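Understanding the architecture of this molecule
One-letter residues, chain by chain:
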Amino acid sequence: MSNIPENDSNVLSKNALKKAAKAERMAAVKIQRRAREREAKKEKKRQRAEKRAAGELDEDDDEEAKRKAKKQKLQFGGTVVVDLGFDDMMNEKEIKSLTSQLAYTYSANRNASFPFSLIFSSLNGRTLERLESVGDASYKRWANTKWWSSGYEQLWNAEESSDVPTDATPATPETVARPENTDASDPIPASEIPSPKNDIQTYPRDKIVYLTADTEEELTELLPDEVYIIGGIVDHNRYKNLCFSKAKESGVRTACLPIGRFLASLPTRKVLTVNQVFEILVKWVECKDWEEALYSVIPKRKFQQGGKSNSDANIDQPADEDTVAAQDQEDLS
């Protein structure tokens, strides 16, 4: 009689076991790192208090700290919407890249001198699942950010509004009552996930601009009473005219950043990540100069002939969730 056990479908493969062990190590490292960061901040605060009490605090440092503390953020008035309605057109790696870009977008807005009103529309599917799984669903704690499960069309259709403010708990597959006669393991369709109704500002359709590189109309300035839509997709240039066609079907204007006019020497494809486009808008509001805004955000490697950025996958390689968390934990919570 053979002593070899029968195949057990519940036994993990060596590769799966390695991945599970790595995930456990990464989780432990993350907890330790955050504990060290908290202790370092406490120690720095304690040392500063001791120096102040002893009259040893550098006067310039003290004035700089006071200046930063008193710096008041000024509301530009403009609104930026990131259209996440392309969930089914990306693979898992691209979904992961996109959610990292969303984190950087929020961080840029949080640190901006003139922040925008920031909205993420069409949140559902794997993008929602990914955000739920990263940082203990830290996206729910992003201040001054709205999440909509429906599309950007509610910008002019108030009666169809499904605004999900971040000071409330967004509806997720875990918080929705499951329809009858469905198995507990089956995912709930996005259409079944409701959102609380709230009053939102609506706009004339001619005040809404979809930013896309596939249009000939250049953006000349940003206006506080307009809404600018950024396509939330990582596609490595697979889909041509995607955002342009969607904007035309919606009946909204299109415009591109004036990269060709101000950066004529840029040898690579003029394709940017979601957060880079947003950071350029933020910088323009601060300086009112497209050339300065573009040069300050677009990676310098894109100005070099023969570099990796000349490939079809001409987008910045986004950081994974651990890099995002390490970048600035306060920005993501």
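Everything below is about the structure printed above this text.
An account of the accompanying structure is given in this report. Sequence order sets the numbering: in each chain, residues are counted from 1 along the sequence as written. For a predicted model such as this one, the threshold for reporting local features is a pLDDT of at least 70, and the threshold for listing and counting side-chain atom pairs is 80 or more; totals across whole chains, interfaces and linings nevertheless cover every residue. Derived side-chain values reflect all non-hydrogen atoms in the structure, with water molecules and hydrogen atoms excluded from consideration.

Side note on the pairing of strand β1 (residues 79–83)
Taken across its 5 residues, β1 has 5 buried, putting it largely inside the fold. Strand pairing is assigned whenever DSSP identifies at least 2 bridges connecting the two strands. Under the DSSP-based scheme used, a helix requires at least four consecutive residues in state H or I and a strand at least two consecutive residues in state E, with every element numbered from the N terminus. In this structure, β1 lies alongside strand β2 (residues 117–121), joined through 5 bridges in parallel fashion. Counterpart to V82 in the pairing with β2 is F120. Note on handedness: a crossover is taken as right-handed if, strands pointing away from the viewer, the path from the first strand over the helix to the second is clockwise. As for the winding sense of the linkage, the β-α-β connection from β1 through helix α3 (residues 92–111) to β2 is right-handed. Where β1 and strand β6 (residues 227–231) come together, 5 bridges link them in parallel fashion. The residue of β6 that forms the bridge with V81 is I229. Residue exposure (1.4 Å probe, protein chains only): buried if accessible area is under 20% of the type maximum, exposed if over 50%, otherwise partly exposed.

Here's the deal with the packing of aromatic side chains
Here a Phe, Tyr or Trp ring, Trp counted by its six-membered ring, pairs with any other such ring whose centre lies within 6.5 Å, and the pair is stacked when the planes are under 30 degrees apart, edge-to-face when over 60, and tilted otherwise. This structure, assessed with the given rule, holds 9 aromatic pairs. Look at Y152 and W156: their rings are 6.2 Å apart centre to centre, the planes differ by 65°, and that puts the pair in the edge-to-face class. Each of the two residues, Y152 as well as W156, counts as buried. Each residue in the set Y106, F120, Y139, W142 and W147 is aromatic and connected to the rest through ring pairs, giving one cluster.

Thoughts on the packing of α3 against helix α7 (residues 274–287)
Note on geometry: axes are lines fitted to C-alpha atoms, helical ones only across the stretch in contact, with angles between N-to-C directions running from 0 to 180 degrees. Packing of α3 against α7 leaves a shortest axis separation of 8 Å and a crossing angle of 15°. It follows from the interaxial angle that α3 and α7 lie roughly parallel. Between α3 and α7 the crossing geometry is right-handed. Contact residues: α3 offers L98, Q101, Y104, T105, A108 and N109, while α7 offers V274, N275, F278 and E279. For this classification, under 35 degrees means roughly parallel, over 145 means roughly antiparallel, 65 to 115 means roughly perpendicular, and everything else is oblique. Crossing handedness is read from the near helix: turned anticlockwise from the far helix by less than a right angle, it gives a left-handed crossing, and turned clockwise, a right-handed one. Contacts are assigned to residue pairs with any non-hydrogen atoms lying within 4.5 Å of each other.

Observations regarding the side chain of K246
Along the chain, the position of K246 falls in helix α5 (residues 242–250). Overall, the relative accessible area of 19% leaves K246 in the buried class. Non-local contacts of K246, meaning those with residues more than four positions away in its chain, are made with D83, G85, F86, Y152 and Y210.

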